[in-house]
Amino acid sequence: MKVTTREREIVALLRAEPLLDATGLAERLGSTRAAVSVHLSNLTRKGLLLGRGYIVRAEADSVVVVGGAVLDSKVRTAVAPVLGTSNPGTSSSTVGGVGRNIAENLARLGSPTVLVAAVGDDLAGRTVVARTEAAGVECRHVVTSPHPTGTYAAVLDDGGDLLVAVADMRATDELTVSDLEVVPSLLAGAEALVVDANLGATVIRWLLSAAAEAGIPGVFEPVSVAKATEAAGVFDGSVPVHTVTPNVDELAALVGAPVAGDVDAVVAAAGVLHDRGVEHVWVRRGTRGSLLSIAPRPTQDDPAPARRVVLVAAPEATVEDVTGAGDSMTAGYVHALLSGEDVVEAARFGQALAALTVASPETVRPDLTAALVAAHLTPDSPSTEELHP
């Protein structure tokens, strides 16, 4: 598909100002309305503009992320916390949300990324969008909700570990399929879809089905035990899913049964999700690293492919703040997959990025680049061990 220089100029203008009409474009280009109209028609025919309103198709090799976007507040005790009383400490506020964090990590790694999320018509929402765009994420399809922008308040102990968190996600909770009707068009130009469990189960099912119909990987991030419990019914075998990324407790919520932390129990629970249509189950195990269970889909050449289980070690890290570690793991995994790595190498990349994230006081490292992760990713670290289930 050959795109002319003038057509590229028009696409760039529409990405910056999507409400421009042919007259406005002509004024900026020093051209005529008739000439611009011809270019717009050609761009629509080539699939770079999607329908009325000049919706610009996602960039090639992009990732579409649909999920939560909030304003984060974090407080951290200065000494070992004592419940039921006041504790000395520090506080900070930043933009967050699982989907939004994943999107920012991806953009900083160099993967073109489109975020579809809900924010309120308020200062918090404008702040979230502005800071996310500044990190390189495409935010033109963010939905304005009648509810306030979501908030996430986390309490960390003096070691940086999470004690408790409270999230108000009404703006995201009440997103409907009709609010997200642009997503299938975006997937036509994307290479992967990431969905977080802050969305309702009906919406999650619809999104993962749209990814399957578009022939691109659908990656599901469970967010929390409560959210995973609500989303569990989606995984009934009716929708093929490329990857699910739970921790052990979230895995238990997805399969509807307790899961011990030992390898055999995690492998067995991952098998339940494989039976329900999930190809890759990547389970986070904290300082013990992660477990990647792979059940390749049957093909004509290999009608019964063997299941694989790989343990990925956690690199050593000085923990400053664990907030955002899981989000960075998912982003690193997706980025590596789109860079051509296999799932094991993608998991290693994600594990290395998580170690870099917990060593930073920021939820998303502002200095994050793919080169930074590559510099901490050696042939021996993180190490892997393949098991035979």
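Everything that follows concerns the structure shown earlier in this document.
Residue numbering note: each chain is counted from 1, following its sequence as written. Selection of residues for local features in this predicted model requires a pLDDT of at least 70, selection of side-chain atom pairs for listing and counting requires 80 or more, and totals for whole chains, interfaces and linings are taken over all residues. Side-chain measures were taken over the full set of non-hydrogen atoms in the model, leaving aside hydrogen atoms and water.

> Please set out the overall build of the chain residue by residue, giving values where relevant.
Only DSSP runs of H or I with at least four residues qualify as helices, and only runs of E with at least two residues qualify as strands; both kinds are numbered from the N terminus onward. A tally of regular secondary structure across the chain gives 14 helices and 17 strands. Between the two quantities, the radius of gyration covers C-alpha atoms and the globule rule is 2.2 Å times the number of residues to the power 0.38. Scaling as 2.2 N^0.38, a compact globule of 389 residues should have a C-alpha radius of gyration of about 21 Å, and the chain matches this with 22 Å. Burial classes follow relative accessibility: with a 1.4 Å probe on protein chains only, a residue under 20% of its type's maximum area counts as buried, one over 50% as exposed, and anything between as partly exposed. Residues counted as buried form 51% of the 389 residues belonging to the chain. Any two residues whose heavy atoms approach within 4.5 Å are treated as being in contact. For the chain, contacts bridging at least 24 residues in sequence account for 68% of all contacts bridging at least 6.

> Can you tell me about the pairing of strand β12 (residues 218-221), naming the residues and giving the values?
Taken residue by residue, a regular strand's side chains alternate between the two faces of the sheet. Because side chains alternate across β12, one face comprises the buried residues Gly218 and Phe220, and the other comprises Val219 and Glu221, equally buried. Bridging between strand β11 (residues 190-196) and β12 involves four bridges; their strand directions are parallel. Its bridge partner being in β12, Val194 is matched across the sheet by Val219. Each parallel crossover has a hand, and the one from β11 via helix α8 (residues 201-214) to β12 is right-handed. Viewed along the sheet, the connection from β12 through helix α9 (residues 225-231) into strand β13 (residues 241-244) turns out right-handed. Criterion used throughout: strands pair if DSSP finds at least two bridges between them. Consider the strands pointing away from the viewer: the crossover is right-handed when the path from the first strand over the helix to the second runs clockwise.

> Any chance you could break down the packing of aromatic side chains for me, citing the residues and the numbers?
Pairing of aromatic side chains requires ring centres within 6.5 Å, counting the rings of Phe and Tyr and the six-membered ring of Trp. Pairs whose planes differ by under 30 degrees are stacked, by over 60 edge-to-face, and all others tilted. For the structure shown, the criterion picks out two aromatic pairs. With a centroid separation of 5.0 Å and 55° between ring planes, the pair formed by Phe220 and Phe235 is classed as tilted. Linking Phe220 in strand β12 with Phe235 in the loop between α9 and β13, this pair joins segments that are 15 residues apart in sequence. Here the two residues Phe220 and Phe235 agree in accessibility, since each one is buried.

> Explain the sheet that holds β12 to me, using residue names and the numbers behind them.
Paired through backbone hydrogen bonds, the strands of a sheet run either parallel or antiparallel to each other. The nine strands are arranged β6-β3-β11-β12-β13-β14-β15-β16-β17 in an open sheet whose pairing can be described as mixed. Pairing within the sheet leaves two strands with one partner each, and these edge strands are β6 (113-116) and β17 (384-387). Strand-to-strand, the axes of this sheet are offset by a mean angle of 20°, without reference to chain direction. Two strands pair when backbone bridges link them, and strand β3 (residues 62-66) and β6 are joined in this way by four bridges, in the parallel orientation. Within β6, the position partnered with Val64 by the bridge is Val114. The angle between two axes is taken between their N-to-C directions and runs from 0 to 180 degrees, where each axis is a line fitted to C-alpha atoms and a helix contributes only its stretch in contact. Together, β3, β11, β12 and β13 form the strand contacts of α8, whose direction differs from that of β11 by roughly 165°.

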